[in-house]
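Breakdown of the fold
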Amino acid sequence: MKKLALAAVLTVVATGAFAGGYVQPVIDPIIVVEDTSSSAGGILVPILALILIAAAVAANN
């Protein structure tokens, strides 16, 4: 009878060890690195606009 009682107590204790709550998984954050544009990209559009304006003025004369 003692063995049966001991087995019952150990069973209750062992099942309590596995009865944990939900643990949220740890997810590493995603790091996004954006390439910056070069400084030539900011001057390219105005230069092309000046060339097109000059071509339009030359075509009208």
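Everything below is about the structure shown above.
Here we summarise the structure given alongside this text. All chains use their own residue numbering, which begins from 1 and follows the written sequence. Thresholds applied to this predicted model are a pLDDT of at least 70 for local features of residues and 80 or more for the giving and counting of side-chain atom pairs; totals over whole chains, interfaces and linings are not thresholded and use all residues. Values reported for side chains reflect all heavy atoms of the structure, with hydrogen atoms and water molecules removed beforehand.

1. Section: the overall build of the protein chain
Every helix listed is a DSSP run of H or I at least four residues long, and every strand listed is a run of E at least two residues long, numbered separately from the N terminus. From N to C terminus, the protein chain includes two helices and zero strands. Working definition: with a 1.4 Å probe on protein chains only, accessible area under 20% of the residue-type maximum means buried, over 50% means exposed, and in between means partly exposed. Per-residue burial over the protein chain gives 0% buried out of 61 residues. The protein chains shown are the only cover counted for residues, whose accessible areas, like all others here, come from Shrake-Rupley with a 1.4 Å probe. Split by element, the accessible area of the protein chain, about 6,200 Å² in all, is 71% carbon and sulfur.

2. So, a nonpolar patch on the surface
A contiguous nonpolar surface patch, about 470 Å² in accessible area, is contributed by I43, L44, I47, L48 and I51. As for its placement among the helices and strands, L48 is situated in helix 2 (residues 40-60). Given the relative accessible area of 45%, L48 is considered partly exposed. Surface patches are defined over residues having more than 30% relative accessible area and no salt bridge, joining like charges when they lie within 9 Å and nonpolar side chains (Val, Leu, Ile, Met, Phe, Trp, Tyr) when within 5 Å. Throughout this description, the term salt bridge denotes a Lys or Arg side-chain nitrogen within 4 Å of a carboxyl oxygen of Asp or Glu.

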